[in-house]
Structures are given as C-alpha cells and as structure tokens.
Amino acid sequence: MRILITGAAGGVGTLLRPRLARQGRVLRLLDIAPIEAGPGEEAVTADITDPKAMAEAMDGVDAVLHLGGHSLERAWEEILHVNIHGTYVVLEAARRAGVRHAVLASSNHAAGFHPRSAGEAPDYLFPRPDTYYGVSKVAVEALGSLYHDRYGMHVTCLRIGSCFERPKDTRMLSTWLSPDDCARLVEAALTAEGFHVVWGISANTRRWWSLEEGRAIGYEPQDDAEVFAAELIAEHGEPDPEDIAHRYLGGAFCGPRYHADN
Ligand code: 15L
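Residues numbered from 1 in each chain as written. Predicted model: local features only at pLDDT ≥ 70, side-chain atom pairs only at ≥ 80, totals over all residues. Heavy atoms only, no water.

(A) Quick peek at the site of the ligand. What surrounds the ligand is the set Ser71, Leu72, Ser107, Asn108, His109, Tyr133, Gly161, Ser162, Phe164, Arg171 and Phe253. A distance of 2.8 Å separates an oxygen atom of the ligand from a polar side-chain atom of serine 107. Arginine 171 is positioned with one of its side-chain polar atoms (N or O) 3.0 Å from an oxygen atom of the ligand. Taking 320 Å² as the accessible area of the ligand by itself, protein coverage stands at 82%. Among the residues forming the shell around the ligand, the class breakdown is 4 nonpolar, 6 polar and 1 charged. (Near = heavy atom within 4 Å. Polar contact = N/O pair within 3.5 Å; in protein donor to acceptor, adjacent residues only side chain to side chain. Areas by Shrake-Rupley, 256 points an atom, 1.4 Å probe, with all protein chains shown as cover. Nonpolar A, V, L, I, M, F, W, Y, C, P; charged D, E, K, R; others polar.)

(B) Molecular detail of the pattern of salt bridges. Going through the model one piece at a time under the given rule, you end up with 18 salt bridges. The salt bridge partner of arginine 22 is glutamate 187, with a shortest N-O separation of 2.8 Å. With arginine 22 in the loop between α1 (11-20) and β2 (26-31) and glutamate 187 in helix α6 (residues 179-191), the pair connects residues that are 165 residues apart, well separated along the chain. As a salt-bridge pair, glutamate 92 and arginine 95 come within 2.8 Å of each other at their nearest N and O atoms. Remark: arginine 95 and glutamate 92 occur in helix α3 (residues 76-97); sequence separation between them is 3 residues, near one turn of the helix. In this structure glutamate 92 comes out as buried when scored by relative accessible area, which is 10%. Looking at arginine 95, the relative accessible area reads 30%, which means it is partly exposed. Ionic contacts of the salt-bridge type, sharing partners, join the residues Arg2, Arg28 and Glu42 into one network. (Salt bridge = Lys/Arg side-chain N within 4 Å of Asp/Glu carboxyl O. Helix = DSSP H or I, 4+ residues; strand = E, 2+ residues; numbered from the N terminus. Buried < 20%, exposed > 50% of the residue type's maximum accessible area, 1.4 Å probe, protein only.)

(C) View of the packing of aromatic side chains. Under the definition given, this model contains 7 aromatic pairs. With a centroid separation of 6.1 Å and an interplanar angle of 80°, the aromatic rings of tryptophan 208 and tryptophan 209 are classed as edge-to-face. For the pair shown, tryptophan 208 and tryptophan 209 are each scored as buried. The structure contains a cluster of three or more aromatic residues connected by ring pairs, namely Trp199, Trp208 and Trp209. Above the face of the tyrosine 151 ring, arginine 95 is positioned so that its terminal group lies 4.5 Å from the ring centre. (Phe/Tyr/Trp six-rings, centres within 6.5 Å; stacked < 30°, edge-to-face > 60°. Lys NZ or Arg CZ within 6 Å of the ring centre and 35° of its normal.)

(D) Local environment of α1. Within the span of α1, buried status applies to Val12, Gly13, Leu15, Leu16 and Leu20. Across the axial projection of α1, the buried residues extend over an arc of 165°, all falling on one side. Facing away from the buried side of α1 by more than 90 degrees, the exposed set consists of Gly11 and Pro18. Tucked into the core, α1 has its buried residues touching β1 (2-6), β2, β4 (63-66) and α6. (Arc of directions from axis to C-beta. Contact = heavy atoms within 4.5 Å.)

Structure (structure tokens):
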C-alpha cells in the first residue's frame, strides 16, 4: 500500500505524517519544499501544477491524499493556478495512473458565509465561500465529484475545521480537528467508496457542524476541544455571538481583513 501525500510539508501534512505511518505502508511525501524521508517514506520535491512531475509521482500509488495548495487567502491568480488548476493536475494524473482512491482537503471556508445558527450545520451544506480560497475549495469538491461520476474514482472531500495541535481561540472550541482525529478521519476516507463531503471536526461539545456523514464512512472522533474551554475563555473571554469570529461559519475569514484585495 503506497499513499501519495501532496503538500506533505504543510501544517496538516506534518501533523499526519507520523500518525499515518503503518507497517506495510509507504508514504510518498510530495511537496514543493524538500522533505527528508524516514523509514517507510519516500520524498518527492515537485510542484502539484506540473503534469509531468505528478504523472511520475503517481507511479505505484494506491491512494492519494491531496493537501497541497495555499491554505489561506491569496490573490485570485495564485488561488486559481495552485489550488484549482493544481487539483485538476493531481486528479488527472491519478486517473491516468489508475489510482482508485482520492482524499481531498476541502475546508469549512467553502461554506464560510453561512451565518451561524442554533444547532449543527448539515452535511453537504450548499457552498457559500468566504474568500477566493473558499471558492477554490468549492472547486476542489466539484472536481472530486466529476472524477467520481465520470471515472468511478472513490473521492472523499474533507471540509476541515481547524486542525492544529491545540485549539487557539474560542471559535476553535467549535471548529477544532485534533491531529489524532484528523488521522482517524483520513483513514476512514482512504477506504470509503463513492463520493462524500464530510466536515472535519472532532467530537467537540460546541461543534457547529454535523458528524453524521463522517460517522457514515467509519470516522469515530475521540477528542473534544471542551477540555481547553476554561483556559481559552479565561484568556479570550466568553464567545461573543456578535463577533465576526462567531457570526459566520467561516469566522474572521468573512471579515474585510481576510480578503486578498485589501
Ligand atoms: C482553513 O482552511 C485554514 O487553512 C486554516 O489555517 C484555519 O484558519 C482554518 O481554516 C480555520 O477555519 O480555522
């Protein structure tokens, strides 16, 4: 079993690398930044928008975990080239190589402009991107859908919340995806059949999003950001529903500061 991980040197890739290591599994770590491969790993320095490099990188691969791309707002041209065109190049190379499973990093920002309301936002919430970055994640989901329907590839898109070692603010009490749960979610997604869009969050007491579709593909989250609540509230104050961070699902990405044209 060989898994190609694009964007392996990024934040989520770095957290996942030790957690996805298994006996009998090879992780092929691809990034534009050089990576030193350890046991059970192969390193590839390549750009996800380079079709030739991606064709080579797919050789002997069983599944691809596509994390590569900009993870925050950027100028439209950069988002278009790296996040949208790059995802097309990755999926097309995977298809040509006969790779059957793809797990794509989407983001909560694909649907970030939905106002927060009581209760959990459902799975497959209609896109409402909060940035060009969010638009690119909608495109990632659309490409995944196309490669499933047209070519029969099994594709799961993860609308990741906030994947960090620990939640950093009171919004993340709702949106946190612990690194261990992220690995659990990726494991479930790597073998899921069909096409799915799942929210990437832990079993947070204050969660804003459904865990149903995640559970349907076999994801059982074990962590809850609530264990950090007292500490974060003491530091940042009680969550204010009027604050932009809590008013929309995408939080501060919905504010002017996050827009690339500012
Ligand atoms: C994302 O999509 C970003 O890549 C990440 O840096 C976080 O800001 C996260 O969303 C979030 O919403 O917390």
